[in-house]
Amino acid sequence: MIRLIWIGTFLLWLVGAIVVLLSQATIMRRWQITSPAALWITLPAVLLSLWMPMFYGILQGQQNFLWLGWSMMLNGVGRLSIAALAVLALGGLATGMMSGVLFGLAVAVAIALWQTRSLWLGPSLPFDWRSLLRQVIPLMLGFGAFSIPVHGGHYVLRDIF
């Protein structure tokens, strides 16, 4: 299941990255980005942001709180130190800030990947998808019912009551 979600999030990210790269000029003009490098650095940062909660969840499930904590702390330290260096010393602005974000995420995900490798490198076991879907679909429908705004900013079930 870990590998399936990992590949699924990668494919979702890949589609988004292609759309972003194809509309790069429009995005840069609308967001007033002066350097395309800031946008390019953002793309892998988004991918790592998709993966980080999954691997943090695996670390929590293993009760490996030592490495979960180190990963979180080094994420923050990496972000701050690289961003500060890039902005203060090199004048990198948005590109420098995103470089710091990417570096912090890369360190955090690398630690989580290394510490959980026994699970995602291990053999696949049978999984009862039907049971999972019977539990998850009602929750997702309930969440969706409370989250879908209608005209005027009101929510569907609020209008009923």
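Everything discussed here concerns the structure shown above.
Residues numbered from 1 in each chain as written. Predicted model: local features only at pLDDT ≥ 70, side-chain atom pairs only at ≥ 80, totals over all residues. Heavy atoms only, no water.

A. Molecular detail of the overall build of the protein. Secondary structure summary: the protein contains eight helices and zero strands in total. The helix and strand sequence of the protein, counted from the amino end, reads α-α-α-α-α-α-α-α. Looking at the protein residue by residue over its 161 residues, the buried ones come to 26%. Carbon and sulfur atoms form 74% of the exposed surface of the protein, whose accessible area is close to 11,100 Å². (Helix = DSSP H or I, 4+ residues; strand = E, 2+ residues; numbered from the N terminus. Buried < 20%, exposed > 50% of the residue type's maximum accessible area, 1.4 Å probe, protein only. Areas by Shrake-Rupley, 256 points an atom, 1.4 Å probe, with all protein chains shown as cover.)

B. Seen up close, the packing of helix α3 (residues 36-61) against helix α4 (residues 65-89). Packing of α3 against α4 brings their axes to within 8 Å, and their N-to-C directions diverge by 150°. Between α3 and α4, the crossing angle belongs to the class labelled roughly antiparallel. Seen from above, α3 lies across α4 with left-handed handedness. The segment α3 lies against α4, with Met 52, Tyr 56, Leu 59 and Gln 60 engaging Phe 65, Trp 67, Leu 68, Ser 71, Met 72 and Asn 75. For the contact of α3 with α4, the per-class residue count stands at seven nonpolar, three polar and no charged. (Axes fitted to C-alpha atoms, helices over the stretch in contact; angles between N-to-C directions. Parallel < 35°, antiparallel > 145°, perpendicular 65-115°, else oblique. Left-handed = near helix turned anticlockwise from the far one by under 90°. Contact = heavy atoms within 4.5 Å. Nonpolar A, V, L, I, M, F, W, Y, C, P; charged D, E, K, R; others polar.)

C. Region of the structure containing the nonpolar core. Counting residues in each nonpolar core, the largest one holds 25 residues, and the members touching the most others are Trp 6, Trp 51, Met 52, Phe 55, Tyr 56 and Leu 113. Broken down by secondary-structure element, the contributors of at least two residues to this core are α1 (2-22), α2 (24-31), α3 and α5 (93-115). Considering each element in turn, this core owes the most residues, twelve residues, to α3. With residues up to four places along the chain from it excluded, the contact list for Tyr 56 reads Leu 68, Ser 71, Met 72, Asn 75, Ala 108 and Ala 112. (Core = buried A, V, L, I, M, F, W, Y, C linked by side-chain atoms within 4.5 Å.)

D. Molecular detail of the side chain of Ser 71. With respect to the element layout, Ser 71 can be found in helix α4. Judged by relative accessible area, which is 0%, Ser 71 ranks as buried. Ignoring any residue separated from it by four or fewer positions in sequence, one finds Ser 71 in contact with Tyr 56, Ala 108 and Ile 111.

E. Representation of the environment of Met 28. Turning to its location among the elements, Met 28 is positioned in helix α2. Overall, the relative accessible area of 14% leaves Met 28 in the buried class. Taking the C-alpha atoms as reference points, Met 28 and Leu 39, separated by eleven residues in sequence, lie 8.0 Å from one another. In contact with Met 28, not counting residues within four places along its chain, are Ile 33, Thr 34, Ser 35, Pro 36 and Leu 39.

F. Just the packing of aromatic side chains, in detail. In the structure shown here, the tally under the stated rule is four aromatic pairs. Their ring planes at 80° and their centres at 4.9 Å tell us that Trp 6 and Trp 120 sit as a pair that is edge-to-face. With Trp 6 in helix α1 and Trp 120 in helix α6 (residues 117-120), this residue pair connects regions lying 114 residues apart in the sequence. For the residue pair Trp 6 and Trp 120, the accessibility class agrees, reading buried in each case. With a centroid separation of 5.7 Å and an interplanar angle of 35°, the aromatic rings of Phe 10 and Trp 13 are classed as tilted. Placement of both Phe 10 and Trp 13 in helix α1 is noted, with a separation of three residues, approximately one turn of the helix. Looking at Phe 10, the relative accessible area reads 32%, which means it is partly exposed. In this structure Trp 13 comes out as buried when scored by relative accessible area, which is 16%. Every member of this aromatic cluster is reached through a ring pair, and the members are Trp 6, Trp 51, Phe 55 and Trp 120. (Phe/Tyr/Trp six-rings, centres within 6.5 Å; stacked < 30°, edge-to-face > 60°.)

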